[in-house]
Amino acid sequence: MRHVFSVRIGPAGFRVGSDWRRPIAELEDLYNDYPKPEDNVPDFTVRLFAARPWRRFLRPAVMIGGDFTIPDAAPLPLDLGLLAAEMGMNLQMALAQRRYLLLHASCVERDGRAVLMTGESGAGKSTLAALLMARGWRLMGDEFALVDPATGLIHGFPRLVSLKNESVAVMQAALPQARFGPPQLKTPKGDIRHLVPDARSIAVMAEPAVAAHIVFPRFGLDRAEREVPPAETFVRLTQASTNYVALGERGFDALTRLVASVPATAIDYPDAATAVAQVEALA
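The structure displayed is predicted, hence computed values, not measured ones.

**Regarding the nonpolar core**
Ranked by internal contacts, the top residues of the largest apolar core, which has 39 residues, are F14, L27, Y31, M89 and M93. With eight residues, helix 2 (residues 81–96) is the single largest residue contributor to this core. Those residues in contact with M93, other than ones at most four positions away along the chain, are A12, F14, F44, L102, F144, L146 and F157. The next biggest cluster of nonpolar side chains, apart from the first, holds 26 residues, and it includes I154, F216, F234 and A266.

This is the structure:
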């Protein structure tokens, strides 16, 4: 690859190579405060490349590759190169991570206690995590929560927060001094803009936390809360994990301990302020 960038996010190190300078420059800017991989040896590799040489120059089309790939994935235009890089890093974690049980969840921490929030796309978990960060919580991640099978502790993966559509304006109002990436327009999920986590979330990202509560949010409904029993929580979290099956017995044991020891609540909410109040009340 002509242009290369390396970064460590939580316990995972990445090397991103690109046929184009632009995505690497955007990564260097937004991840400026993050450390490099330990001993400068990455855990995962991402490649942003042109399928045909002429695609580097004429209507540039970015293919996502790396240690693990999805063969039939469609390319993205160069204007979405930053999004391609973020998708590539998430893809490597989802397909290759074997040290931790991965949960597709946002996660925040306060006083050493972590709240995991997971739900279907559109549930608002990324926006909710970012709003809690604005209220003094540590952002541990908006994409993955990492459960250590040996200790049960939650490890952070505080990558850039992927904000979609109306949530961008909400967070710009809540965090006027925050750093945002360039707009990524007309993506398959609408308009996206990335938010850089605050300095504290980055500085202490290597510190794990004890799981204190699991929240299943749903947006667009009247306020309601319902206790979720362990059996239902277990099933929901197996569906939210990308490597539960691959971990085998280790994944089963880790998830069993988690749901047996941590309360879970499903919340419905009509607006962000209500959801923040609900999570803080549960915590």
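**Remarks on the packing of helix 3 (residues 125–134) against helix 9 (residues 272–282)**
Taken N-terminus to C-terminus, the directions of helix 3 and helix 9 make an angle of 70 degrees; their axes are 10 Å apart at the nearest point. As judged from the angle between their axes, helix 3 and helix 9 are roughly perpendicular. For the crossing formed where helix 3 meets helix 9, the hand is right-handed. Where helix 3 abuts helix 9, its residues L128, L131 and L132 lie against A272, A275, V276, V279 and E280.

**Observations concerning the packing of helix 3 against helix 4 (residues 166–174)**
Two elements in contact, helix 3 and helix 4, have axes whose closest approach is 10 Å; the angle formed by their N-to-C orientations is 5 degrees. Put simply, helix 3 runs roughly parallel to helix 4. Taking contact as the criterion, the partners of T127, A130, L131 and A134 in helix 3 are, on helix 4, S167, V170, M171 and A174. Here the residues of the contact of helix 3 with helix 4 sort into six nonpolar, two polar and no charged.

**Observations regarding the packing of aromatic side chains**
Under the counting rule described, the total for this entry stands at eight aromatic pairs. A ring pair is formed by F14 and F44, whose centres lie 5.6 Å apart and whose planes are at 35 degrees; its orientation type is tilted. Within this pair, whereas F14 is found in strand 2 (residues 12–18), its partner F44 is found in strand 3 (residues 44–49), the two being separated by 30 residues in sequence. Taking relative accessible area as the criterion, F44 reaches 8% and is therefore assigned buried. Relative to F157, the ring of F14 has its centre 6.1 Å away and its plane inclined at 55 degrees; by these criteria the two rings are tilted. One end of the pair, F14, is in strand 2; the other, F157, is in the loop between strand 11 (154–155) and strand 12 (161–164), and 143 residues separate them in sequence. There is no split in this pair, since F14 and F157 are both buried.

**Here's the deal with the sheet that holds strand 2**
Pairing is mixed across the open sheet formed by five strands, whose spatial order is 1-2-3-4-5. Both edges of this open sheet fall to strand 1 (3–9) and strand 5 (76–77), since each of them pairs with a single strand only. Across seven bridges, the pairing between strand 1 and strand 2 is antiparallel. If you follow V7 over to strand 2, its bridge partner there is F14. Packing against the sheet, helix 1 (residues 21–30) makes contact with strand 1, strand 2 and strand 3, and its axis sits at approximately 30 degrees to strand 1. Contacting strand 1, strand 2, strand 3, strand 4 (61–66) and strand 5, helix 2 runs over the sheet at an angle of about 145 degrees to strand 3.

Definitions and cut-offs
- Residues numbered from 1 in each chain as written.
- Predicted model: local features only at pLDDT ≥ 70, side-chain atom pairs only at ≥ 80, totals over all residues.
- Heavy atoms only, no water.
- Core = buried A, V, L, I, M, F, W, Y, C linked by side-chain atoms within 4.5 Å.
- Buried < 20%, exposed > 50% of the residue type's maximum accessible area, 1.4 Å probe, protein only.
- Helix = DSSP H or I, 4+ residues; strand = E, 2+ residues; numbered from the N terminus.
- Contact = heavy atoms within 4.5 Å.
- Axes fitted to C-alpha atoms, helices over the stretch in contact; angles between N-to-C directions.
- Parallel < 35°, antiparallel > 145°, perpendicular 65-115°, else oblique.
- Left-handed = near helix turned anticlockwise from the far one by under 90°.
- Nonpolar A, V, L, I, M, F, W, Y, C, P; charged D, E, K, R; others polar.
- Phe/Tyr/Trp six-rings, centres within 6.5 Å; stacked < 30°, edge-to-face > 60°.
- Pairing = 2+ DSSP bridges.

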